[in-house]
Structures are given as C-alpha cells and as structure tokens.
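Each chain, letter by letter, is given below.
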Amino acid sequence: MSQSYAFFALLRVHPNWLRLSRPERRRFETETLRPIYARYPTVRMRWFDAEAFTARCSDIALFETESIKDFYYLIDALRDSKLLTEPYFEFVDILPAVEDGFRDYDAQLSSG
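An unreviewed UniProt entry annotates the protein chain as Darcynin 1 of Chromobacterium fluminis. Quoted straight from UniProt, the Sequence similarities (unreviewed entry) entry for the protein chain says "Belongs to the darcynin family."

What follows is the structure, encoded as structure tokens:
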C-alpha cells in the first residue's frame, strides 16, 4: 500500500526577495524553481501566504509525495539554489505528517 506524506515547510521571506521587482521574482520562479520542481515530479507543491496572520513565518509550502527520497532531494536542490543561498527565504521549520495515518493503523488492528 502506498503511503502519502505531507511536509509543511514554514518559510520566512528575506529582504533580498522583497527588493526584487515582481517581474524579477517571476523570472526567478520560471528560470530557477520550476526546473528544480520538474526534476522531482513525484513531489507536488502548493504555496500559501501567511504573513498577514502570523509573525512566525511569511509563507508555507506544502509538499505532498509518496517518495521521501524525492522530497529529500528536492529540498537539497532548493538549499543549493539562490532561494536559500542569496538568501531569498529561510526555512523556519519543516513539519512532516502522514495523511490518514490513523486509518492504516486502525486497519492493521482489525486484521491482527
């Protein structure tokens, strides 16, 4: 049975990113981030803005995958990119979660 994992990455924007114009930000996403994401198609990513609701982080990236290895490699590729080396953002925390883990646990209880 395939297990789905979710990783909630809490990020904080750096002033270097805010100094970029909006066209420069879009170019960075197109030229740098999308090719990295394309190398790991088993990892789906969604982006959420949080800066209006918390001082802890400015953004939350939700990564969903069945492959922890691909997630790990994706994060390493992001760490090697200007996203974190310029830096444009920094990781505040990464929260791993298992989707519907309790269902698998309940199923193994009833089968044993």
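Our next topic: the pattern of salt bridges. A side chain with one charge can pair with a side chain of the opposite charge if their charged atoms come near. Counting across every chain of the model gives six salt bridges. Arginine 12 serves as the salt-bridge partner of glutamate 90, at 3.7 Å between the closest nitrogen and oxygen. Residue glutamate 90 is found in strand E4 (residues 89–98), and its partner arginine 12 is found in strand E1 (residues 5–13); the two are separated by 78 residues along the sequence.

With 23 residues, the main nonpolar core has Phe63, Leu74, Leu78 and Leu83 as its most contacted residues. Among the secondary structure elements, those contributing two or more residues to this core are E1, helix H2 (22–39), strand E3 (59–65), helix H3 (68–80), helix H4 (82–85) and E4. Residue contributions to this core peak at five residues, all from H3. Sequence-distant contacts of leucine 78, defined by excluding residues within four places in its chain, comprise Leu33, Ile36, Tyr37, Phe63, Leu83 and Leu84.

Conventions used here
Residues numbered from 1 in each chain as written. Predicted model: local features only at pLDDT ≥ 70, side-chain atom pairs only at ≥ 80, totals over all residues. Heavy atoms only, no water. UniProt positions renumbered as here; feature names shortened; annotations may be inferred. Salt bridge = Lys/Arg side-chain N within 4 Å of Asp/Glu carboxyl O. Helix = DSSP H or I, 4+ residues; strand = E, 2+ residues; numbered from the N terminus. Core = buried A, V, L, I, M, F, W, Y, C linked by side-chain atoms within 4.5 Å. Buried < 20%, exposed > 50% of the residue type's maximum accessible area, 1.4 Å probe, protein only. Contact = heavy atoms within 4.5 Å.

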